[in-house]
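Observations on the three-dimensional arrangement
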Number of protein chains: 2
Amino acid sequence: MAHKVDWSAALRPASPDGATIIGEERARSNISVDSLANYLLTPEFLKQQDRVLKEVLKEPVFKKTNQANLSRPDRYKLGLARGKKLRQLQDKLGWSEDDYHMAVYLCDDVLPYHLHTAMFVTTVSQQGNDAQRAYWMPKIEAWEIIGAYAQTELGHGSNVRGIELEAKWDPKAKEFVLHSPHLTASKWWNGTMGRTATHAIAVAQLMLPVSGHGAETKYQSYGPHPFIVQIRDSKTHQPPGSIIIGDIGPKYGYASMDNGYMLFNNHRVPHDAMLSRYSRVDPGTGKYTKPENPEVVYGTLTHVRAAIVMEARLSLARAVTVAVRYLSIRRQFKDKDSTNPSDPEMSVLDYPTVQIRILPLLATAFALHYSGKAMGELYTRTRKNIEEGDFETLAELHSTSSGLKSLATDLTASGIETCRRAMGGHGFGASGLVQLNANYLSKPTVEGDNWMITQQVARYLIKKAKALSGSVKSRATTRTEENLERYMYARQKTFNLGIFQDDASILQAYEWRVAYLVFKAYEAREIQKKPWNSLLIDFHKLSRAYSQSILVFNFHQAIQPTNPDFAHLDSTTRTVLRELFHLFAFTTMDAEAREFSSSGAVSNEDLDALPARVLELMGRIRPHAVRLVDAWKIPDFVLDSALGRYDGKVYEDLFDRAHRQNPLNNETFNPDYRTDEIVLGSGDAGQILSKL
Amino acid sequence: MAHKVDWSAALRPASPDGATIIGEERARSNISVDSLANYLLTPEFLKQQDRVLKEVLKEPVFKKTNQANLSRPDRYKLGLARGKKLRQLQDKLGWSEDDYHMAVYLCDDVLPYHLHTAMFVTTVSQQGNDAQRAYWMPKIEAWEIIGAYAQTELGHGSNVRGIELEAKWDPKAKEFVLHSPHLTASKWWNGTMGRTATHAIAVAQLMLPVSGHGAETKYQSYGPHPFIVQIRDSKTHQPPGSIIIGDIGPKYGYASMDNGYMLFNNHRVPHDAMLSRYSRVDPGTGKYTKPENPEVVYGTLTHVRAAIVMEARLSLARAVTVAVRYLSIRRQFKDKDSTNPSDPEMSVLDYPTVQIRILPLLATAFALHYSGKAMGELYTRTRKNIEEGDFETLAELHSTSSGLKSLATDLTASGIETCRRAMGGHGFGASGLVQLNANYLSKPTVEGDNWMITQQVARYLIKKAKALSGSVKSRATTRTEENLERYMYARQKTFNLGIFQDDASILQAYEWRVAYLVFKAYEAREIQKKPWNSLLIDFHKLSRAYSQSILVFNFHQAIQPTNPDFAHLDSTTRTVLRELFHLFAFTTMDAEAREFSSSGAVSNEDLDALPARVLELMGRIRPHAVRLVDAWKIPDFVLDSALGRYDGKVYEDLFDRAHRQNPLNNETFNPDYRTDEIVLGSGDAGQILSKL
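Within an unreviewed UniProt entry, the label attached to chain A reads Acyl-coenzyme A oxidase, and the organism entered is Uncinocarpus reesii. Quoted verbatim from the Catalytic activity (unreviewed entry) field of the UniProt record, the comment on chain A reads "a 2,3-saturated acyl-CoA + O2 = a (2E)-enoyl-CoA + H2O2". UniProt lists a comment for chain A under the heading Cofactor (unreviewed entry), and it reads "FAD".

So, about the overall build of chain A. Of the regular secondary structure elements, chain A holds 23 helices and 13 strands. Its C-alpha atoms give chain A principal-axis dimensions of roughly 95 × 80 × 55 Å. Counting across all 692 residues of chain A, residues that qualify as buried make up 62%. For chain A, contacts bridging at least 24 residues in sequence account for 73% of all contacts bridging at least 6. Distance between charge centres in chain A, computed from 83 positive and 79 negative side chains, equals 3 Å.

Here we come to the sheet that holds strand 7 (residues 243–247) of chain B. Here 3 strands make up an open sheet; going across it, the order is 4-8-7 (chain B) and the pairing antiparallel. In this open sheet, the two strands that pair with only one neighbour each are strand 4 (187–190) and strand 7 of chain B. Averaged over neighbouring strand pairs, the angle between their axes works out to 15° when direction is ignored. Against the sheet, helix 22 (residues 650–660) of chain A touches strand 4, strand 7 and strand 8 (260–264) of chain B, its axis set at about 105° to strand 8 of chain B.

Across the boundary between the two partners, chain B contributes 150 residues, which contact 150 residues of chain A. Carbon and sulfur atoms supply 59% of the area buried between chain B and chain A, which totals about 12,900 Å² over both sides. When the buried surface of chain B facing chain A is broken down by residue, B:Y252, B:R594 and B:Y673 rank first, second and third, together holding 7% of it. A salt bridge links A:K77 to B:E667, with the nearest nitrogen and oxygen atoms 3.1 Å apart. Along the contact surface separating chain B from chain A lie 64 residue pairs in polar contact (both at pLDDT 80 or more). Residues that form the side of chain B that touches chain A fall into these classes: 69 nonpolar, 45 polar and 36 charged.

As a further point, take helix 4 (residues 72–93) of chain A. With 22 residues, helix 4 of chain A extends 31 Å between its outermost C-alpha atoms, agreeing within 8% with the 32 Å of an ideal straight helix rising 1.5 Å per residue. After helix 4 of chain A finishes, the residue A:G94 shows a positive phi value of roughly 65°.

In this section: the pattern of salt bridges. All names here are of chain A. Taken as a whole and assessed by the stated rule, the structure comprises 84 salt bridges over all chains. Among the ionic pairs, E25 bridges to R622, the shortest N-O distance being 2.8 Å. Taken together, the positions of E25 in helix 1 (residues 18–27) and R622 in the loop between helix 19 (604–621) and helix 20 (625–630) put the pair 597 residues apart, joining distant regions of the chain. With a relative accessible area of 4%, E25 lands in the buried category. Overlapping salt bridges, with partners in common, bring together D640, R645, D647, D653 and R657 in one network.

Bringing the relation of the copies chain B and chain A into the picture now. With an RMSD of 0.0 Å, the operation that places chain B on chain A is a rotation of 180° combined with a shift of 0.0 Å along the axis. The transformation relating the two chain copies, once decomposed into turn and shift, fits a two-fold axis. When C-alpha positions in chain B are compared against the rotation axis, the closest is assigned to B:S71, at 1.9 Å.

A few words now on the sheet that holds strand 4 (residues 187–190) of chain A. Residues and elements named next belong to chain A. Taken in spatial order, the 3 strands make up an open sheet running 4-8-7, and their pairing is antiparallel. Only two strands of the sheet have a single neighbouring strand rather than two, namely strand 4 and strand 7 (243–247). Taken over all neighbouring pairs, the strand axes of this sheet differ in orientation by 15° on average, direction set aside. In the sheet, strand 7 pairs with strand 8 (residues 260–264) via 5 bridges, with the strands oriented antiparallel. Bridging across to strand 8, G246 finds its partner in Y261.

All names here are of chain A. The topology assignment puts D630 in helix 20. Assessed through its relative accessible area of 4%, D630 is described here as buried. Apart from residues no more than four positions distant in its own chain, D630 is found in contact with R26, V33, R325 and Y646.

One pair of aromatic rings is described through two measures. These are the centre distance and the angle between the planes. Under the definition given, this model contains 44 aromatic pairs over all chains. An aromatic cluster of three or more residues is present, and its members are A:Y39, A:Y370, A:F555 and A:F581. The ring of B:F428 carries B:R420 above its face, with NZ or CZ at 4.3 Å from the centroid. The lysine or arginine in question, B:R613, covers the ring of B:F500, its NZ or CZ lying 4.0 Å from the ring centre.

What follows deals with the packing of helix 12 (residues 454–469) of chain B against helix 13 (residues 479–489) of chain B. All names here are of chain B. Viewed as axis vectors pointing N to C, helix 12 and helix 13 meet at an angle of 55°, and their least axial separation amounts to 10 Å. Compared by their axis directions, helix 12 and helix 13 come out oblique. For helix 12 against helix 13, the interelement crossing comes out right-handed. Contact residues: L461, K464, A465, L468 and S469 in helix 12; T480, E481, L484, E485 and M488 in helix 13. Across the contact of helix 12 with helix 13, the residue classes break down as 5 nonpolar, 2 polar and 3 charged.

All right, on to the UniProt feature "domain: Acyl-CoA oxidase C-terminal" (unreviewed entry) in chain A then. UniProt tags residues 504–674 of chain A as "domain: Acyl-CoA oxidase C-terminal" (unreviewed entry). Split by type, residues 504–674 of chain A is 68% helix and 2% strand. Its first and last C-alpha atoms lie 73 Å apart.

What follows concerns the side chain of A:T184. Looking at the element boundaries, A:T184 is found in the loop between strand 3 (175–179) and strand 4. Setting aside residues up to four positions removed in sequence, A:T184 forms contacts with A:E153, A:L154, A:G155, A:E164, B:R12, B:P13, B:A14 and B:Y651.

Residue and element names in this part refer to chain A. Of all 5 residues in strand 8, 5 are buried, a share of seventy percent or more. Here strand 8 shows two buried faces, one formed by G260, M262 and F264 and the other by Y261 and L263. Across 3 bridges, strand 4 lies against strand 8 in antiparallel orientation. Bridging across to strand 8, N190 finds its partner in G260.

By a widespread convention, an interface's size corresponds to the accessible area lost as its parts come together. All names here are of chain A. Segmenting chain A into domains produces domain 1 (31–109), domain 2 (145–291) and domain 3 (454–630). Here the C-alpha centre of domain 3 lies 38 Å away from the C-alpha centre of domain 1. The interface of domain 1 with domain 3 comprises 6 residues on the first partner and 13 residues on the second. Here domain 1 packs against domain 3, burying approximately 830 Å² in sum over the two surfaces, 72% of which is carbon and sulfur. If you look at where domain 1 meets domain 3, you find 1 residue pair in polar contact (both at pLDDT 80 or more).

Taken over all residues, the pLDDT of chain A has a mean of 93, while the share at 70 or more is 96%. If you check the scores for this complex, the pTM reads 0.96 and the ipTM reads 0.95.

Let us now look at the environment of A:T152. Residue and element names in this part refer to chain A. As for its position among the elements, T152 is in the loop between strand 1 (147–150) and strand 2 (166–170). Classification of T152 as partly exposed rests on a relative accessible area of 26%. Contacts of T152, omitting those with residues within four sequence positions, involve G157, S186, K187, W188 and N190.

A separate point is unusual backbone geometry. A cis amide bond, omega 0°, links A:S15 with the succeeding residue A:P16. In this structure, A:W143 takes a positive phi of about 55° despite not being glycine. Examined against the element boundaries, A:W143 turns out to sit in the loop between helix 7 (130–141) and strand 1. Owing to a relative accessible area of 5%, A:W143 belongs among the buried residues under this scheme. Here B:T192, not a glycine, exhibits a phi torsion of approximately 70°, which is positive. Summarising the element assignment, B:T192 is placed in the loop between strand 4 and strand 5 (199–211). A residue is classified by how much of its surface remains accessible, and B:T192, at 0% relative accessible area, is buried.

Parameters and conventions
- Residues numbered from 1 in each chain as written.
- Chains lettered and ligands numbered in written order.
- Predicted model: local features only at pLDDT ≥ 70, side-chain atom pairs only at ≥ 80, totals over all residues.
- Heavy atoms only, no water.
- UniProt positions renumbered as here; feature names shortened; annotations may be inferred.
- Helix = DSSP H or I, 4+ residues; strand = E, 2+ residues; numbered from the N terminus.
- Buried < 20%, exposed > 50% of the residue type's maximum accessible area, 1.4 Å probe, protein only.
- Contact = heavy atoms within 4.5 Å.
- Lys, Arg positive; Asp, Glu negative; His and termini not counted.
- Charge placed at Lys NZ, Arg CZ, Asp CG, Glu CD.
- Pairing = 2+ DSSP bridges.
- Axes fitted to C-alpha atoms, helices over the stretch in contact; angles between N-to-C directions.
- Buried area = accessible area lost by both parts, 1.4 Å probe.
- Salt bridge = Lys/Arg side-chain N within 4 Å of Asp/Glu carboxyl O.
- Polar contact = N/O pair within 3.5 Å; in protein donor to acceptor, adjacent residues only side chain to side chain.
- Nonpolar A, V, L, I, M, F, W, Y, C, P; charged D, E, K, R; others polar.
- Expected span 1.5 Å × (residues − 1).
- Least-squares fit on C-alpha atoms with pLDDT ≥ 70 in both.
- Phe/Tyr/Trp six-rings, centres within 6.5 Å; stacked < 30°, edge-to-face > 60°.
- Lys NZ or Arg CZ within 6 Å of the ring centre and 35° of its normal.
- Parallel < 35°, antiparallel > 145°, perpendicular 65-115°, else oblique.
- Left-handed = near helix turned anticlockwise from the far one by under 90°.
- Domains from an automatic or database assignment.
- pLDDT = per-residue confidence, 0-100.

Next up, the structure:
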């Protein structure tokens, strides 16, 4: 069997190969990819991406070749090494904070330093008083200390008021005593804390003495407050005797991150450990000053939610990029109605059952883009207002960011998985969507569980309805209020303008449905006085409807001819963007058809017509699909996908990864069950290469 | 900081602890867990489970403690060691094949031997002729050889007819020549093949010479046929020079399985390598004999699909067991309407927004149980018929198993993830659902992609409608045909009997909807002659509707008072099972409400009433939830879940896993980015233990 065999033919895919097909796909559309990319991402972003990527590609530590094969401890070590290298590059190359964050995005790993550069720095800078900021911020910015954010506990997550960790004020020593009364008080899940951090923001129940002495002291609780605490020695990196701390172990995704646990045992911290910008304890009198507006305490959370909404578009665009490219290349089955035996197999993306899964997600990426931008603007405006003492837009930001966080992360998480499944078997392998999926799955849960936080949207909207109901003349100032008022004063109880008249009528149908659900919820809660919990499912539906209407509103705004950015685009691109708007609006409406029908927002005739419209829209968008994903300009390095690579060399890359980059092929095994011997010798990986 | 600290209090969860709560939960219901378990699983199954589990627990190799921390190669080695041990135990303890499969289920790992004991043995025994079976089966059963099933290729999965591997008949040498003409012809994804197998069933295009000689020979293709091929040397375990083979690398789940790739280069196998029970090539004349009924070739696939449907119930029940137990124990927030400040926090499972995610899945596990059983019976009956030359029920089995495979795996895969998400943060960690999810996710894709195979259901039903439409008098023999006929002869075009009359009317509403969709599809395809591909989305909806009606039908059959197994149960259990039937039927109907409405199967008034009915049903089922999951008798060893353990010690187990079983805590790291040093010294894991 040792005769020389010529394998050269076996290294070429059957024709037409992926590179040829993807070239033909690009030739089918005249959308200007660069113009669209500049419009979506700005020329500044794209230049920065190119510049930073060039540096990241030079460093071997960022190579992804073997990372999926590593043990958990080795995966953490790789993450730590990457985190160090990025900061070293920042120093060496004079990167701005923004450049650094671009590098993190490109590196596409969950770095053990993540919480330091996110929640930790945000909390100290937003909640620290001037003296605290002056002391801590230089150390934080220089990474002299590495911080974590320890809020969630073993027994309490969403209900922050229920956390058990105590911070008792000792007026004599002028110290706070941090103590975990039970196992369930252990801090838990807190990123960067398990092995990396030297410091943490520990959120604890602030407790001030009211009477008694020593062990007999009685305390009053003032709710959760943030304390900055050193948790490990700066030299030995060991925790003090009064703190137990560690990594919680393997979990879904995030293998490179050290999510931690932490118990305190009468651990003492000085008075100025309590971050005191908005609330403080007077070290002399022991008297508590509460924040002017209690909402400010949740500033960090609102920031993170807004950021999650803003980031969703690129996560989904990434999955869609891989799916669209691969599914254009992949061939499977001839057309069943074909009568010519020499007809080639069809591109998988030409099947309506594949289009219906992928193309609406492509449209969703655009929808998330516009609302992410709007969310970012609302956040910036609100922070600026708060700094100036104006809390007007905070309630809107809080509710909108909650509803959109819930909807956007649901859409993105399920969208990534839908893309992965649509790719069949290869979706499980080197698709680049396995790690993306595992890591993204945290988003629907963290920073407010997606079901729980929808209550905040309902509360906000019911309040609006209540305010409007009690008044005779118009009090509407926001679009939401105007919509509710319009519905309230409408004579008929069905909207039924018809959604195929013009784009504005689509938007109005969405808003009509919202208004119907708002007044239904208002009626149930405020008039019929139904128990809050009995309405939670309705509230969830309301939040979804409201957030969908926001996505449709912002998308609709963006494609107005009066919008100068949009008007600049060539006419094909404008047409396709409008088709994407329709596809997003119509598929969402079709999925929620019964609610649109029973709220009187859309007639059954129009709803019945949706599937055919959607099919037609998908047919029109299909030839532009590859160029549309190209415009998101997600580098191959980020995609890390044999299936989604720009040049279409799908099968070559899959084979290369399997036989050149797979440590399991370096050993030969003994399958004979009668022996416990596992490894029989060195593998045939080398032999395979030499054969080829 | 070295003062002695007493941590004993910190080791106890806040009261009431999980063990207390789960005890109270069990006390709330008087369902007899053992009777229900015997009814669901049979006393034989439960005894076997106990007996085999006892043996599995004795062997350290099955401990799951560290498996999530391992590198990919180590994970494969662990899987191989486990596979050997199971077979050794079978020999030692005289286990039957059934005992062995029970052990595999309990061991809950994807064993590298899996394809040998599944597709390989099934294919040889079903497709091999008498001589082949006599030769191969003893070797296979003794594990003298280890086999894989190599059908899928890099370029072709679902479309088996499109595979590229060629098997050309050489009439002179009386050999087949296996050859991969391109890279895309590489076998791909085939389990057990990457590193373990010595043999494989290679599915190849059978090509017989029609004219010419030598390199000029022209061949005619007879489609894909199975060949049994030795792929590695029995001693060195190295492949011959004419085969390139290896493991394809890391993927979603299945880390312990060696999914492989394989290329052939004019590899010669003898005449009897072709499995020839149904079709054969005469070695003398070179003439081909085709199978009497071409469907038999797909026998193996139908078997696997039926098995997937049968197994779905336990996978979903497992996720629901974990979720119900943990969510009963977990407390979060007080009732918003509570006016008493000393009210405790609510059990998370008391929130309707949590119930609506979990309790319908509990009902779904029962629905899958009954249809899984029915599917198993249909499979056995059909196999028996085929052995006797009767192919009558094969078409029904093929279409039902396709539709149910698609629906059951969709329900189970999304159900597992829904359970995981409902558990919030802890769902990501030691929930036991991370590995379950990652491994189960293959099911919607393998053995026929869930979207693609729904065409087979539509094809079957359209054929039925066509046959009935052409006839004057009744030709109905099956329930499906009766239903179609009833609809066809109905005078009115709405059913509208009302679904709240009795259970039969619920079933009839489901069947009305199916009939409506069948005739719509028939009309579009057969009368209007619409292109097949333009109807694929409708076909998918039809398959889902049909499969849902089967789930409802079998569930409904099972809870008839006339059913002796059911009548044997105590009255509480019977009532709760009927409520679970209603919950399954109503939540499914609510999710598909628009289709029930537009098909005229259910009135809008009834549909509007569903959410309140569902809320009420969930309230009634809630107290029985823990006992209902107990009845599935899934051992803690299988659950491998801190959250779902029977005794409710959730927080103690989470903490134990984090600090006692986590290798990352064995090292101390250096987070200072100015040095490339990663490890600073040995970890504080020991120190943590000594503290406690």
